[in-house]
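# An overview of the molecular structure
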Amino acid sequence: MNKKSLLVFGGILVAILAAIVVIGVFAGGDSSSPGSNPSVNTPAPVTENEYGAMCITVSAGENAHTTKNFCWQTFDDYTAGALQYIETGSSADLSAAFSEANSQKITTVNSSSEPMSIFLPIGESNLKNPPLEEKSGLVHRVWLSGLTPGKTYAYRVGDKTENKWSEAATFTTIPESEKTSFIYVTDPQGFTQSDYNIWGNLIANAAENHKDTDFILNLGDVVEEDANQNQWKMFTETVPDVIRNNTFLSVAGNKDKKSVMNHFTFGTKENRTAWISGYYSFECNNIHFSVLYTGDNEKDLPKSQLKWLESDLQNSTAKWNIVLMHKSPVSNANHYNDAEILALKEQVIPVIDKYNVDAVITGHDHYFFRSVPMTANGPAECTSEEITIDGDTVKMLSDIKDGTVYFMNGSSGAKQHNGKIYESEGVYPDEAFLTQLPSYSYCTVEGNRLVIKTYTADIEGNETLIDAWGITK
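To start, this report covers the structure provided alongside it. Everything numeric in this text was worked out from a predicted model, so none of it was measured.

Calculation notes
- Residues numbered from 1 in each chain as written.
- Predicted model: local features only at pLDDT ≥ 70, side-chain atom pairs only at ≥ 80, totals over all residues.
- Heavy atoms only, no water.
- Helix = DSSP H or I, 4+ residues; strand = E, 2+ residues; numbered from the N terminus.
- Buried < 20%, exposed > 50% of the residue type's maximum accessible area, 1.4 Å probe, protein only.
- Areas by Shrake-Rupley, 256 points an atom, 1.4 Å probe, with all protein chains shown as cover.
- Disulfide = S-S within 2.5 Å.
- Phe/Tyr/Trp six-rings, centres within 6.5 Å; stacked < 30°, edge-to-face > 60°.
- Lys NZ or Arg CZ within 6 Å of the ring centre and 35° of its normal.
- Contact = heavy atoms within 4.5 Å.
- Polar contact = N/O pair within 3.5 Å; in protein donor to acceptor, adjacent residues only side chain to side chain.
- Pairing = 2+ DSSP bridges.
- Salt bridge = Lys/Arg side-chain N within 4 Å of Asp/Glu carboxyl O.
- Axes fitted to C-alpha atoms, helices over the stretch in contact; angles between N-to-C directions.

## Regarding the overall build of the protein
A tally of helices and strands in the protein yields 7 helices and 26 strands. Counting across all 473 residues of the protein, residues that qualify as buried make up 55%. Of the roughly 19,700 Å² that the protein leaves accessible, carbon and sulfur atoms contribute 48%.

Right, here's the structure in full:
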């Protein structure tokens, strides 16, 4: 083979290798992936418990200080669902929590159990869009109230008739304090275990680096296929310690839709709106969170939900008001001109303006976006300055005159937006850029100051601060 032929052959080989890389990157859909190496930080298989609970999650009710809500699924042969809990000294003190010696201190609560169809892959489960078979199952819910703020409890779920229980985990009620800290992520969605390894690495590092976190917020699209129970299991069981030992509040996205309500329990036992219609609110210290449901791909929000939002904001007496929703009415990326986004802009922003909401936190677009404080009529008056907080430069906004910051921090999973950023009418960006790596935000609210720092992380867990901003009021 002559030199020219070698060069041609080498060029073809490079092209083939590049194509293989591109196929791997885009296997997750129309967004790019930061890549994943299943041999790096691949979690060990989760130990099977004697009790066959799937996807155990802990959420909060309307008052995050004194309530905890639980959700899990089983096949329909476990009908006597229950939860046991006991106050414990620390999150590590689990070995003897449910021993016979503590039997008088253990509280047992029966679950509310309803039929649900559980769809599992036929054959190989770690595939994109595998065929699914339906099995009869149950979704179990428990609402705990009257808990003591700032206390740690051990808990387990099980079948009390058979005396079979899951492994013990812990939950901690949020203390009544001037400071609230939470982690915000969005769109961890994936098809395969390697996709969820990326999510698992990110959230495990985030939880380790911010141990004062009171709860974790997800802004939608936990999975790619809402019916596929295996994807829900990968989400919860790739990092089971993080999921089961933290309070996790989720917003329904356009991928997971109302399946979210079969995997998390929100609101109260008496009010079924939260886990049937998908919208709810909760309070933590001096913050009121209003959660909207935008997952049904309809053009307009139902009038009942808009009426609820207005009533919810009108009745809030909290110092800070934050609205959470998957689809953002303010965006200049790939979904900026979708019919439902334009409709949301017309429907929701006037209500946000009317009640002077501080921030709207969203997902869906898989890129970083932060608006200037704004209303439907344009940018709002405000002042800004850069200050140092814990060694980081933070852009602080103050003296905001009737304006709201619209914010999304990228994607916490494998799928990253790889398209364009557009000019969009009625959108006023302060920062807008593609991230290309999974990201999360660490948020603190203390007194009259809100601060949000956003980080990206590579597959080895190396973090980079990409943005820091806040509001003083």
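## Focus on the state of the cysteines
Inspection of the entire model under this criterion finds 0 disulfides. There is no disulfide at C55, and the cysteine sulfur nearest it, in C71, is 8.9 Å away. For C55, a relative accessible area of 1% puts it in the buried group.

## Overview of the packing of aromatic side chains
Tallying each qualifying case throughout the model produces 26 aromatic pairs. A ring pair is formed by F70 and F171, whose centres lie 5.5 Å apart and whose planes are at 70°; its orientation type is edge-to-face. Taken together, the positions of F70 in strand 2 (residues 68-75) and F171 in strand 9 (residues 169-172) put the pair 101 residues apart, joining distant regions of the chain. Considered together, F70 and F171 belong to a single accessibility category, that of buried residues. On the numbers, 5.8 Å between centres and 65° between planes, the contact of Y184 with F407 is edge-to-face. Of this pair, Y184 sits in strand 10 (residues 179-185) while F407 sits in strand 22 (residues 405-409), placing them 223 residues apart in sequence. Like F407, Y184 is buried. Among the aromatic residues, ring-to-ring pairing joins F182, W199, F215, F235, F248, F264, F266, Y280, F282 and F289 into one connected group. Its guanidinium or amino end placed over the ring of Y293, K258 lies 5.2 Å from that ring's centre, counting from NZ or CZ. Cation over ring: K473 sits above W320, and NZ or CZ is 4.8 Å from the ring centre.

## Details of the environment of T404
You can see T404 is positioned in the loop between strand 21 (392-398) and strand 22. According to the relative accessible area criterion, T404 is buried, its value standing at 1%. For T404 and P373, which are 31 residues apart along the polypeptide, the C-alpha to C-alpha distance reads 4.7 Å. The residues contacting T404, other than those within four sequence positions of it, are I352, V357, D358, A359, V360, S371, V372, P373 and M374. In this structure the side chain of T404 is engaged in a polar contact, spanning 2.6 Å, whose partner is the backbone oxygen of V357.

## Some words on the pairing of strand 17 (residues 368-371)
Strand residues, when the strand is regular, have side chains that alternate between the two faces of the sheet. Along strand 17, one buried face is formed by F368 and R370 and the opposite face, lined by F369 and S371, is buried too. With 3 bridges connecting them, strand 17 and strand 22 associate as antiparallel partners. Of the residues in strand 22, the one forming a bridge with F368 is N409. Strand direction decides the pairing type here: strand 17 and strand 23 (residues 429-433), joined by 4 bridges, are antiparallel. Bridge pairing in strand 23 places S371 opposite P429.

## Details of the environment of T238
If you trace the backbone, T238 turns up in the loop between helix 3 (229-237) and helix 4 (240-244). Of the residues examined, T238 reaches a relative accessible area of 7% and is grouped as buried. When the C-alpha atoms of T238 and I198 are compared, they prove to be 9.7 Å apart, with 40 residues separating the residues in sequence. Polar side-chain contacts of T238 include one of 2.9 Å to the side chain of Q193. Here M234 takes part through its backbone oxygen, which lies 2.5 Å from a polar atom of the side chain of T238.

## Side note on the pattern of salt bridges
Evaluated as defined, the whole model comprises 14 salt bridges. Residue K211 is joined to E208 by a salt bridge in which the shortest nitrogen-to-oxygen separation is 3.2 Å. Residue classification places K211 among the exposed residues on the basis of a relative accessible area of 65%. Residue E208 is classed as partly exposed on the basis of its relative accessible area of 48%. What emerges from the salt-bridge pattern is a single network uniting R370, K395, D430 and D467.

## Quick word on the side chain of K327
Tracing the backbone shows K327 in the loop between strand 15 (320-324) and helix 7 (339-354). At a separation of 3.3 Å, a polar atom in the side chain of K327 contacts the side chain of E340.

## Structural notes on unusual backbone geometry
The phi dihedral of N356 is positive, around 55°, even though this residue is not glycine. By secondary structure assignment, the location of N356 is in the loop between helix 7 and strand 16 (359-361). We note that Q436 has phi near 70°; this positive angle belongs to a residue other than glycine. Looking at the secondary structure, you find Q436 in the loop between strand 23 and strand 24 (439-446).

## What about the sheet that holds strand 21?
Pairing is mixed in the open sheet, where 8 strands are placed in the order 12-11-10-24-25-26-21-20. A strand with exactly one partner marks an edge of an open sheet, and here the two such strands are strand 12 (248-250) and strand 20 (383-389). Geometrically, the sheet is characterised by an average inter-axis angle of 25° between neighbouring strands, direction not taken into account. When strand 25 (residues 449-457) meets strand 26 (residues 463-472), the two strands line up antiparallel, connected through 9 bridges. Of the residues in strand 26, the one forming a bridge with A457 is E463. Packed on one face of the sheet, helix 2 (residues 193-209) meets strand 10, strand 11 (215-218), strand 12, strand 24, strand 25 and strand 26 and runs near 170° to strand 10.

## Points about the sheet that holds strand 6 (residues 132-144)
Read from one edge of the open sheet, 4 strands run 1-2-6-5, paired in antiparallel fashion. Of all the strands in the sheet, just strand 1 (54-59) and strand 5 (112-121) have a single pairing partner and so form its edges. Strand-to-strand twist of the sheet, defined as the mean angle between neighbouring strand axes without regard to direction, takes the value 25°. Relative to strand 2, strand 1 is paired through 4 bridges, and the arrangement is antiparallel. Bridge assignment links M54 to a residue of strand 2, and that residue is Q73.

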